[in-house]
Amino acid sequence: MKMAKEKFYITTPIYYPSDKLHIGHSYCTVAADTIARYKRAQGYDVMFLTGTDEHGQKIQRIAQERGVSPQEYVDNIVKGIKDLWKMLDITNDRFIRTTDEMHVKAVQKIFNTLYEKGDIYKSEYEGWYCTPCESFWTEHQLVDGKCPDCGRSVEKTKEESYFFRLSKYQDRLIDLIKNNPDFLQPSIRQNEMLNNFLIPGLEDLCVSRTSFDWGIPVEFDPKHVVYVWLDALTNYINALGAFSDDDADFKKYWPADVHLVGKEIVRFHSIIWPAMLMALDLPLPKQVYGHGWLLLDGGKMSKSKGNVVDPVTLINKYGVDAIRYFLMREMPFGADGVFNNEALINRINSDLANDLGNLVSRTVSMVEKYFGGTVTNKAVCEDVDNELITLANETPAKVEELMDSFQFSQALAEIWKLISRTNKYIDETMPWALSKEEAKKDRLQTVMYNLCEAIRIAAELIAPVMTRTTPAILMQIGAKERGWNSAKTWGIQESFTVTKGDVLFPRIDVEAELKAIEEEAAKAKEAQIEKPESKEEITIDDFCKTELRVAKVIACEKIKKAKKLLKLQLDLGYEKRQVVSGIAQYYEPDDLIGKKVVIVANLKPVKLCGEDSFGMILCAANDNQLSIVSPSDDMEIGSEVR
Ligand code: MSP
């Protein structure tokens, strides 16, 4: 009797439709795809889900700003997201949109069920809301009055709302995380959740909004829309047909084997989501895995910071496999890692072009040169072969163990040990020397066979990560694609007939490439600068009403009560005066003493934090930078600026 395949259900978070998904977003999806491919290759019946999270205040506001309906706005963007996943060779089995009718209906049923069970009740919400994160916060959770997740400003909201009895599930959640260590991984996330949220105590969660309408209406009270996180989290079951007439997939695949999520949304997945499932009497996911962030210049990539790296540009430049390899190899899954172009190019040159690409091209060339393209195992063995064969035999089990715990970087490192060992085998066996002796022909053929076989095994093992390189290598060495398990058997193929192909990974000139990248980035930055909104036109007479003068800073100090302000004493030659300026985040007081500045000398005096200010210092400024406008040192103080 044929045994049914074991199921494996994996999800990524559903993405907010943003104009451009960056390489950080691609990270989670590539990791999930790697696991999905690996599990399929092992024979599992895999369900791999991703999608888009399309409701909420943030989307409604952006759509409004652009003068389109929220639906039009998201429709356009979702297409781009799907295209990106295609470019990255993502093999999701399903793509859910929270605007899909099936999802909308299921969310309404879930809300009704929870209400009928008494786990959702009506009250009034008064507190803080971070719109970019779509998160509610209590006063004591704010950090310096800002959102503790993203550091941005929060808005006070007060509205009639429905609440989910999250507090009721506190003890069960503590128990879940403490006594079932597999549920939340890596283990550092367990303490984060326990210490930051569960042990201090959970409050009931506001799960409806009335101040905007881009969301799923509560069926029995339609002026409310369902809170976007409650809507979004249920995608994991709704995509399988839960709460619909066709729930066969739900029965088959739920509970999820793993929800892969970024560390900042672990809270939603390991507290709110299991509590909702408990309330619905449904099984909990087997694991929530909170991976780290891909950082750029020490910070999280974000469009508002302008430091995003575009995956499409990278794929077009270096190829999809180089990018997938880099993402999975460069940083241990679970920890944060830094993206930078130099590290990427170095990986391509050393691991891909030198180690792997050279191994394949040297081997193929030698098989062609010495044997006209075909080699068989002549079994003329020497001790040196054993080391290679033993390593090739041991590698798949090691890789499996690491892949099972999502340690992609180490799994690839193990495969690269085999690749390096195979390169070393060429140096040790010196095929060029063997080729000179007729009597060594069979030994040479055995060496060539061993090389092809080691390459075949490595190629099968990299397949979950490097989707295009595996078939390209197997084609060049003349091996059939047999799948993961074939990597566990040395000698499965009797002979190899090679075909020279394209260079797998061309070497990159690091310096020239980095220079070109810098130039492109500078151009792109220039092109990105939007025309600011112009102010009303003025005449020269209007301008002449402003008296601008050169002054010298003779003393400067911080103002205790105001973090942003400095108090400066200025010498204008004909008089001395005090000016208070909001530049403390950019300048140390001592650095300013002696500096020439330009001030608006005829500005009406004001009091700032109790200090008199007679004028204003001119600065060039944008959201992230500030620089005092300063004339040359020899400019006489008191001179007019006109
Ligand atoms: N819509 C929510 C998820 C709802 S799931 C029920 C959301 N969307 S998101 O688009 O902001 O983020 C999606 C995923 O991308 C998150 O897991 C997030 O951690 C991940 N990443 C976004 N930037 C990232 C990096 N720079 N590095 C790694 N992952 C990052 O949150």
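Conventions used here
Residues numbered from 1 in each chain as written. Predicted model: local features only at pLDDT ≥ 70, side-chain atom pairs only at ≥ 80, totals over all residues. Heavy atoms only, no water. Pairing = 2+ DSSP bridges. Helix = DSSP H or I, 4+ residues; strand = E, 2+ residues; numbered from the N terminus. Core = buried A, V, L, I, M, F, W, Y, C linked by side-chain atoms within 4.5 Å. Buried < 20%, exposed > 50% of the residue type's maximum accessible area, 1.4 Å probe, protein only. Contact = heavy atoms within 4.5 Å. Patch = residues over 30% accessible without salt bridge, like charges linked within 9 Å, V, L, I, M, F, W, Y side chains within 5 Å. Areas by Shrake-Rupley, 256 points an atom, 1.4 Å probe, with all protein chains shown as cover. Salt bridge = Lys/Arg side-chain N within 4 Å of Asp/Glu carboxyl O. Near = heavy atom within 4 Å. Polar contact = N/O pair within 3.5 Å; in protein donor to acceptor, adjacent residues only side chain to side chain. Nonpolar A, V, L, I, M, F, W, Y, C, P; charged D, E, K, R; others polar. Axes fitted to C-alpha atoms, helices over the stretch in contact; angles between N-to-C directions. Parallel < 35°, antiparallel > 145°, perpendicular 65-115°, else oblique.

A. Layout of the sheet that holds strand β5 (residues 135-137). Spatially, the four strands line up as an open sheet ordered β5-β4-β6-β8, and their pairing is antiparallel. The sheet is open, and its two borders are formed by β5 and β8 (205-206), each paired with just one other strand. As paired strands, strand β4 (residues 120-130) and strand β6 (residues 155-164) are joined by 10 bridges and run antiparallel to one another. By the bridge assignment, Lys-122 is partnered in β6 with Tyr-162.

B. Structural detail: the nonpolar core. Core analysis: the biggest nonpolar cluster contains 108 residues, and Ile-10, Leu-260, Tyr-318 and Trp-416 have the highest contact counts within it. With 14 residues, helix α13 (residues 341-371) is the single largest residue contributor to this core. Not counting residues within four places of it along the chain, the set of residues in contact with Ile-10 comprises Ala-32, Ile-35, Ala-36, Val-46, Met-47, Phe-48, Leu-49, Val-258 and Leu-260. Core analysis: the second largest hydrophobic core is formed by 66 residues, Tyr-9, Tyr-227, Leu-233 and Leu-240 among them.

C. Examining a nonpolar patch on the surface more closely. Together, Ile-538, Ile-540 and Phe-543 line one region of the surface with nonpolar side chains, adding up to about 310 Å² of accessible area. As for its position among the elements, Ile-540 is in helix α20 (residues 540-544).

D. Up close: the site of the ligand. Taken together, 24 residues lie around the ligand, and Ile-14, Asp-53, Gly-262, Glu-264 and Leu-294 are the ones closest in. Between an oxygen atom of the ligand and a main-chain N or O atom of Tyr-16, the distance comes to 3.1 Å. Here Asp-53 contributes a side-chain N or O atom positioned 2.7 Å from a nitrogen atom of the ligand. The protein chains hide 95% of the 670 Å² of surface that the ligand would expose on its own. Mapped onto the shell around the ligand, the elements with two or more residues apiece are β1 (7-15), α1 (23-41), α7 (228-233), α8 (235-238) and β11 (258-262). Among the residues making up the shell around the ligand, the classes are represented as 13 nonpolar, eight polar and three charged.

E. Examining the packing of α1 against helix α12 (residues 320-330) more closely. Two elements in contact, α1 and α12, have axes separated by 10 Å at closest approach and are oriented at 90 degrees. Classified by the interaxial angle, the pair formed by α1 and α12 is roughly perpendicular. Here Ile-23, Ser-26, Tyr-27, Val-30, Ala-31, Asp-33, Thr-34 and Arg-37 of α1 come into contact with α12, specifically with Ile-323, Arg-324, Leu-327 and Met-328.

F. Representation of the pairing of strand β18 (residues 548-559) within the structure. Bridging between β18 and strand β21 (residues 596-600) involves five bridges; their strand directions are antiparallel. Across the sheet, Arg-549 pairs through a bridge with Ile-599, a residue of β21. With two bridges joining them, β18 and strand β27 (residues 640-641) adopt antiparallel strand pairing. Counterpart to Leu-548 in the pairing with β27 is Val-641. Across seven bridges, the pairing between β18 and strand β19 (residues 562-571) is antiparallel. Note on β19: the bridge partner recorded for Val-553 is Leu-570.

G. Region of interest: the pattern of salt bridges. Taken as a whole and judged by the stated rule, the model has 47 salt bridges. Among the charged side chains, a salt-bridge network with shared partners connects Lys-122, Glu-160, Asp-221 and Lys-223.

H. Summary view of the side chain of Asp-351. Relative to the assigned elements, Asp-351 resides in helix α13. The class of Asp-351 is buried, set by a relative accessible area of 7%. In terms of polar contacts, Asp-351 uses its side chain to reach the side chain of Arg-347, at 2.8 Å. Among the polar contacts listed, one links the side chain of Asp-351 to the side chain of Ser-350, at a separation of 2.9 Å.

I. Layout of the sheet that holds strand β3 (residues 94-97). The six strands lie next to each other as β3-β2-β1-β11-β12-β7, forming an open sheet whose pairing is parallel. The strands lining the two open edges of the sheet, one partner per strand, are β3 and β7 (184-185). As paired strands, strand β2 (residues 45-52) and β3 are joined by four bridges and run parallel to one another. Bridge assignment links Leu-49 to a residue of β3, and that residue is Arg-94. Relative to the sheet, helix α3 (residues 70-87) contacts β1, β2 and β3, its axis offset from that of β3 by approximately 160 degrees.

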